[in-house]
Every structure is written in C-alpha cells, then in structure tokens.
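Examination of the molecular architecture
Now for the letters of each chain:
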Amino acid sequence: MKKIFIITGDYSGDIHSSCVVKSLRSKYSDVEIEGVGGENLRAAGVKLFADQKKMGVMGISPKIILDHLALGKRVVDYITNEYKPDLVLLVDYGGFNLRVSKFLKRAGIKVFYYIPPQVWASRKWRLNTIKKNVDEVLCIFPFEVELYKSQGIKTHYCGHPLVSQLPQKVDRREFLIAHGLDPERKLVSIFPGSREFELKNLAKVFVKSAKALQRKHPELQFCISHAPNLSDSVYEKYFKDADFKIIKGENQALLSASDALILASGTVALEAALYQTPMIIAYRGPILFYLIYLMVRCINMVCLPNIISGKFIVPEILEHNVTVHKISYNIEKLLYDKQARETQIAQLGGVKELLSDKVSCDEAARVIAEELQLT
C-alpha cells in the first residue's frame, strides 16, 4: 500500500486538500494518508498527526516562531523516521512548508506542492527553494505554468479549485428571510478576514464605515461574515458594539446574496468575483509588515481578480488609506452609480473565463496517482 503525508496550515488548504483526498479514495483503494490539517481532512478519513489550529496565525513573536519550529521538527522527524511516505503533498502555507521541504528533500522523500506560494506576487527568490526541494508543482493559475517551467521546475496546471467547488448562488430572498434580513433592502456584507490579526486591524473601521453609510442611506442593511475557523468569543471581542447581523459558516451563500461587499484581501475576493458580486478590498496591518511587503512585492496589485485580469477591476484601499470616507465612497459608487456597478460586474464575469474549467482536485489526484502508480 502506498503512503501519502499531507501538510496544510490554514482553513482553505484544509478544504482543498480534503477534496484531493476524496478524489483519490473514490478511485484508488491502495493508499494510506496521514497529515497535518483540520476538520475537513479528518472528515475525509485522514489520520491527523497534528491539528493546524495554531498554525493560522500571523506575526513574528518569539512564541509563534518557536511553535512553528517545534512543530516543523516533530513533523519532519515523524515523516522521515517513522511514517516514511511514498510522497508528501504540501498545500499552500509557503513559509512553513518550504522550510519543511528542505529536510524532506535531504531525506530523499518525494515532494509535490499543490497550490504553491504566490512567488509571482512577492519573494521570487522562493523559486530557488522550490527548484531544489520540490519534485513537481501542481499550480492553480494558468500564468504560473510558464514562470515555473522557465526555472526548470516540473509543473502541472490543475485549474483553480474554486471554479468547481464553489456552490451555486443561493435564492437571495429565501436566504435573507431565513436570517431575519429584509429582502427588499440592499445588503452590504463585511468579510473582515479569517485571522484574529485581521479582525484586530480592520473590525473597527469596517463597523464605523457601515454605520456611516447607514446613517446616510437608511435603506441599507449590513451583515458580518463569521469565519468558521474563529471562535464566537473572538467575534464577540471585536464586534460586540456592531449591532449588525453576524452569520457564521455560510460565506459563499452570503457572498452570492449581497449587493456589495467590503472585504479583507484574500481568496474570498476570487469567490466574490466568480459570483460577480460588486466589491471593494480594504486591508491594513502593522506598518512594519507593510514596509516589508513593499520591499518584496513583484506586482502592484493585491486583489486576485485584479491580478488574474491584469487590471484594477476592484478598488484596493490599503494601509493608511483605509478610512471611513474612502470605504463609504467606494461602496456608495458600487450601489448607486449604475455605470460603475455594471462595469465591475461585467469585468468580474471575465475573470472566470480566464480560469480553467478543470476540476482541480481531480486533476491533482490524477497526477499523484500516476506518480505513485496507484491502481
């Protein structure tokens, strides 16, 4: 029986890797899978060596660094000395996974990387680490193929997982009524991020912006998306004075039912684009991180729909520009300026056309199965 070990570090990686596992197990019986992940991998039948809950944090505190180093050492020791898999599948989470890849390569273990680090956006020097330590990259954006192959890295384009995994739009009226919202009023939804770090930096200005908009436009209603990986106590801490409906664990339904969105940057912007829901991106963090980002970035965009299309479809409001006035102005424009709204909706429709219609997890599973000669 062939053995695979999967390493993820955040909620989205857990979801996408669990789909690969399900695809593998639906077609091949002679495979054993363990890994580092969350509830989705566990539900797919993967035996977890460690839970990823403590990994989805951001910062450079001594504790965070030591926790990651300790986990990395434990994972490497287990993989190389005990489990000895035929293949390790790294999924996203570049900072951790690229460090681990060095030790796996040294131990002679085959390494595949699904959803590789976005080296086209920043830190292109990571290509050297990938070239040295990763046997094959399973990428999800079409423009990544040429970049990796130009460096002599074996690469396979799987298509983006969201294209096939994203649920259909919900019935807006039914969804709003079910959550005590008025289907006759415009709905603006706030997605403040999936890390407590992001809520700390964005919650207050997002709520102030929503209240300012509601004072000016009483017909508007607002809703806050509760990322399922964060506890109720975290949301209580940052949104106790918000007085807006909070909906937990129904991100895609809320994206599809909203009239406009205020988003922290991330994959959620691509999900919104696939639903063609008008949006703005607003993001800020500690100034040190922002200055480092400015030094290492390779492109001047942060929002995935903008990066994929190569143009500023979605307004990006960053760092010191994240103010109540700028957020309110851009949301008003998307709600009440017909031409601006229709233009963004049309351009978002073009984003999906640029992505493959491949079922990403099936494609990744197929490549892994061929490599391991699964039957």
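Note that the coordinates shown come from a computational prediction; the quantities given were computed from them, not determined experimentally.

Here we take up the side chain of E271. Tracing the backbone shows E271 in helix α12 (residues 267-275). Buried and without a salt bridge, E271 has K352 as its closest oppositely charged side chain, separated by 13 Å. Once you skip the residues sitting within four places of it in the chain, E271 turns out to touch L162, L166, Q252 and L255.

What follows deals with the layout of surface pockets. Counted as a void, the second largest pocket has a volume near 230 Å³. Taken together, 13 residues form the lining of the second largest pocket, with A203, K204, Y238, F239 and D241 sitting closest to its centre. For the lining of the second largest pocket, the elements supplying multiple residues, two or more each, are α9 (196-216) and α10 (232-239). It is α9 that provides the largest number of residues to the lining of the second largest pocket, a total of seven residues. Here the lining of the second largest pocket is composed, by residue class, of six nonpolar, no polar and seven charged.

Taken across its six residues, strand β9 (residues 221-226) has six buried, putting it largely inside the fold. On β9, burial covers both faces: Q221, C223 and S225 on one face and F222, I224 and H226 on the other are all buried. Bridging between strand β8 (residues 187-191) and β9 involves four bridges; their strand directions are parallel. In the sheet register, V188 faces β9, and the bridge partner there is F222. Taking the sense of rotation as the criterion, the β-α-β connection linking β8, α9 and β9 turns out right-handed. Two elements, β9 and strand β10 (residues 245-248), share four bridges in a ladder whose sense is parallel. Of the residues in β10, the one forming a bridge with I224 is I246. Running through α10, the crossover from β9 to the neighbouring parallel element β10 is right-handed.

Cut-offs used in this document
Residues numbered from 1 in each chain as written. Predicted model: local features only at pLDDT ≥ 70, side-chain atom pairs only at ≥ 80, totals over all residues. Heavy atoms only, no water. Helix = DSSP H or I, 4+ residues; strand = E, 2+ residues; numbered from the N terminus. Buried < 20%, exposed > 50% of the residue type's maximum accessible area, 1.4 Å probe, protein only. Lys, Arg positive; Asp, Glu negative; His and termini not counted. Salt bridge = Lys/Arg side-chain N within 4 Å of Asp/Glu carboxyl O. Contact = heavy atoms within 4.5 Å. 1 Å grid on protein atoms, 1.4 Å probe; cavity = no way out; pocket = protein on both sides within 12 Å on 5 of 7 lines; lining within 4 Å. Points joined across faces, edges and corners; volume = space filled by probe spheres on them. Nonpolar A, V, L, I, M, F, W, Y, C, P; charged D, E, K, R; others polar. Pairing = 2+ DSSP bridges. Right-handed = clockwise from strand over helix to strand, strands pointing away.

Read these as layout, nothing more, since geometry by itself doesn't imply function.
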